[in-house]
Amino acid sequence: MNKVILSAAGVWFGLLCFCASLALSACGTTPDSTGASPAEARAAAQEALARMDGGQSAPAGGGAQAAPAATQSSAQAAVRSGAKPAWVDSVESVYNKGLYVAAVGYAADRALAEKNAFANLAAIFGQSVQADQKVTSAYQEMVKNGAAVNWSDSTVLESTITTSASLDSLVGAEIRDVWFDNKSTYYAAAVMDKAKTVQLYNELIQANQMMIVNLVTMEQAEKNSLEGYSRYQFAAVAADMNIHYGNLLRVIDAVPPEGLKKGDEYRLEAANISRAIPVGVTVKNDRAGRIQGAFARALADLGFRSGRTNSRYRVEAAIDLSETQFPNQQNKFVRYTLSANFVDTAGGEVLAPYTITDREGHVSLTEAENRAITAIERKINAEYAALLSDRLLLRLPEK
């Protein structure tokens, strides 16, 4: 059995874990004949996440953009000296353009030269290597909390986990050569084998396609719930990643698998689901229903409709206003606190806690309180819809 190489790519790892997890969910498998337990898989994911950063540096000496640290394979490239290798001035003279994608970087130290080489390699792909930050952050979070690994099959993981440097690098890239000019400069060659790259990205796309099928396959009752909503949102993310991978394949003149759909198709269905889910809103110590109205507007922005207080999903909030004394101040000050929980009453689970606190002042206590209510209303209008959207996106359905 080939040994799995875990690199610094927490996000890629999170993606692969999640892809594998849905394949497992379809058949209900537990740890397989390899003997790897979910705890061991989780530990491996956390180890990969710990290696993920690798540092971001401004390029020097030929770096097109900031780039990640070298992959594990780059450490195996011996530093050569002596006569200048041909690849330093013409990388294609050594790495045939028909078989490889390659780029050179240089700097005053080896590590930065390797980073610049990866950056220059990524620059060949242009915008194709830029994945949406919100998407990649979601995968990072899944790896951190272990949710993706809880759904994973170690056999599938062993066949799909591959090397990568970070979010802006390319799967399968490695440092093949390093040369020092015996003066002040290191040169590094970052190389991708096209055939290997096509195979790796095709595997990622196929795993994602399998994941999407498993995500959107459910009973109607389950579909018209926040779990169904989250599943379609995840399917949209996976579909977007497939488009991203397909773009990368096209850069190296490869044809991606058929049947790729844009994430918007799944987001449209998620929006249809949200319109079928009523969400009740209750606010203790509200004034003229202003805070309840702010929450209702935020829910409407996400497509949810405000429901009765006995709805399965509810926003349960409370406001506390208390006068705060300040010596030598003519103004009256009020400290305010809003605590709000988005609750699934079916299991009593708090899906999205939300708290804000601050103070407002005025010459009269009544006006200071009114200003506090206005400040709470303004904050909800500005940030609650985005916060709730992120929390629901990160809410991976449990096994």
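Basis of the calculations
Residues numbered from 1 in each chain as written. Predicted model: local features only at pLDDT ≥ 70, side-chain atom pairs only at ≥ 80, totals over all residues. Heavy atoms only, no water. Helix = DSSP H or I, 4+ residues; strand = E, 2+ residues; numbered from the N terminus. Buried < 20%, exposed > 50% of the residue type's maximum accessible area, 1.4 Å probe, protein only. Contact = heavy atoms within 4.5 Å. Areas by Shrake-Rupley, 256 points an atom, 1.4 Å probe, with all protein chains shown as cover. Axes fitted to C-alpha atoms, helices over the stretch in contact; angles between N-to-C directions. Parallel < 35°, antiparallel > 145°, perpendicular 65-115°, else oblique. Left-handed = near helix turned anticlockwise from the far one by under 90°. Nonpolar A, V, L, I, M, F, W, Y, C, P; charged D, E, K, R; others polar. Pairing = 2+ DSSP bridges.

## A closer look at the overall build of the chain
Along its length, the chain carries 13 helices and nine strands. Here the chain, with 399 residues, has 48% of them falling under the buried criterion. Taking as baseline every contact in the chain between residues at least 6 positions apart, the subset at least 24 positions apart corresponds to 75%. Total accessible area computed for the chain in this model is approximately 18500 Å², and 48% of it derives from carbon and sulfur atoms.

## Focus on the packing of helix α8 (residues 194-216) against helix α10 (residues 226-251)
Packing of α8 against α10 leaves a shortest axis separation of 9 Å and a crossing angle of 160 degrees. In terms of axis orientation, α8 runs roughly antiparallel to α10. As for how α8 packs across α10, the hand of that crossing is left-handed. Here the contact of α8 with α10 is built from residues that sort into 17 nonpolar, seven polar and one charged.

## Quick notes on the sheet that holds strand β2 (residues 100-107)
Pairing is mixed in the open sheet, where four strands are placed in the order β1-β3-β4-β2. One side of each edge strand has no neighbouring strand; the edge strands of this open sheet are β1 (79-80) and β2. In this sheet, strand β4 (residues 186-193) lies alongside β2 in antiparallel orientation, the contact comprising eight bridges. Residue pairing in the sheet places Ala-103 in a bridge with Ala-190 of β4. Each of β1, β2, β3 (174-180) and β4 is contacted by helix α4 (residues 110-125), which is oriented at about 140 degrees to β2, the strand it contacts most. Running at roughly 55 degrees to β4, α8 makes contact with β2 and β4 of the sheet.

## Some details on the packing of α10 against helix α11 (residues 263-275)
Two elements in contact, α10 and α11, have axes separated by 7 Å at closest approach and are oriented at 170 degrees. Regarding the angle of α10 to α11, the classification is roughly antiparallel. Of the residues in α11, those in contact with Gly-228, Tyr-229, Tyr-232, Gln-233, Ala-235, Ala-236, Val-237, Ala-239 and Asp-240 of α10 are Gly-263, Tyr-266, Arg-267, Glu-269, Ala-270, Ile-273 and Ser-274. Grouping the constituent residues of the contact of α10 with α11 by class yields nine nonpolar, four polar and three charged.

That is the geometry; function is a separate question.
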